[in-house]
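Secondary and tertiary structure notes
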Amino acid sequence: MNIKKGDVVRVIAGKDKGVEGKVIAVQAEQDRVIVEGVNRIKRHTKVVNQGGRAGTTGGIVTQEAAIHVSNVMLVDGKGTTRVGFKRVETKKRRSDGSEYTAQRSVRISRKTGEEI
């Protein structure tokens, strides 16, 4: 999954095409993301009076529904970009104080080549 929670994405397909928003949640098992202000649905809820004052009030609640990750693109700078991965050498420190070099994977912008 190339999109992470907190990324700013633009919707590229569907009824909300062109809208930008922040990713609230990622559902990696279903390849879906929930984006702030996109794909809003109305859920009708019942009044639940269990537990005394801790019950929920009924009514119509508007919330975001998940959309498929293929319908969003990461926003980088002023435009959208595809996401790539690159291995970068880093220095790590062992518990005894000695250092060693290791590699870690970082996300990069395919358009600019810079780290995201």
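Here the structure is a predicted model, which is why all the values come from computation and not from measurement.

Let's shift gears to the UniProt feature "domain: KOW" (unreviewed entry) in the protein. UniProt feature "domain: KOW" (unreviewed entry): in the numbering of this structure it lies at residues 2–29. For residues 2–29, the end-to-end C-alpha separation is 13 Å, with 0% helix and 43% strand making up the annotated structure.

Here we have six strands laid out as an open sheet, ordered β6-β3-β2-β1-β7-β8, and antiparallel in their pairing. Strand pairing shows two members of the sheet lacking a second neighbour, β6 (67–68) and β8 (79–81), which therefore form its edges. Sheet topology places strand β7 (residues 72–76) next to β8; three bridges connect them, and they run antiparallel. Bridged to valine 75 within β8 is threonine 80.

Turning our eyes to something else, we now look at the side chain of arginine 107. Its location among the elements puts arginine 107 in strand β10 (residues 99–109). Among the polar contacts listed, one links the side chain of arginine 107 to the backbone oxygen of asparagine 2, at a separation of 2.7 Å. Among residues more than four places away in sequence, those in contact with arginine 107 are Asn2, Ile3, Lys4, Asp7, Val83, Gly84, Phe85, Glu114, Glu115 and Ile116.

All right, on to the nonpolar core then. Listed in full, the twelve residues of the largest apolar core are Ile3, Val9, Val11, Val23, Val33, Val35, Val38, Ile67, Val69, Val72, Leu74 and Val83. Those elements that place two or more of their residues in this core are β1 (8–11), β3 (32–35) and β7. Valine 9 has contacts with Ile3, Val19, Glu20, Gly21, Val23, Val35, Val72, Met73, Leu74 and Val75, leaving out every residue within four places of it along the chain.

This next bit is on the side chain of threonine 81. Relative to the elements of secondary structure, threonine 81 occurs in strand β8. A polar atom in the side chain of threonine 81 sits 3.0 Å from the side chain of serine 109. A polar atom in the side chain of threonine 81 sits 3.3 Å from the backbone nitrogen of arginine 110. Aside from chain neighbours lying at most four places away, what touches threonine 81 is Met73, Leu74, Asp76, Ser109, Arg110 and Lys111.

Definitions and limits used
Residues numbered from 1 in each chain as written. Predicted model: local features only at pLDDT ≥ 70, side-chain atom pairs only at ≥ 80, totals over all residues. Heavy atoms only, no water. UniProt positions renumbered as here; feature names shortened; annotations may be inferred. Helix = DSSP H or I, 4+ residues; strand = E, 2+ residues; numbered from the N terminus. Pairing = 2+ DSSP bridges. Polar contact = N/O pair within 3.5 Å; in protein donor to acceptor, adjacent residues only side chain to side chain. Contact = heavy atoms within 4.5 Å. Core = buried A, V, L, I, M, F, W, Y, C linked by side-chain atoms within 4.5 Å. Buried < 20%, exposed > 50% of the residue type's maximum accessible area, 1.4 Å probe, protein only.

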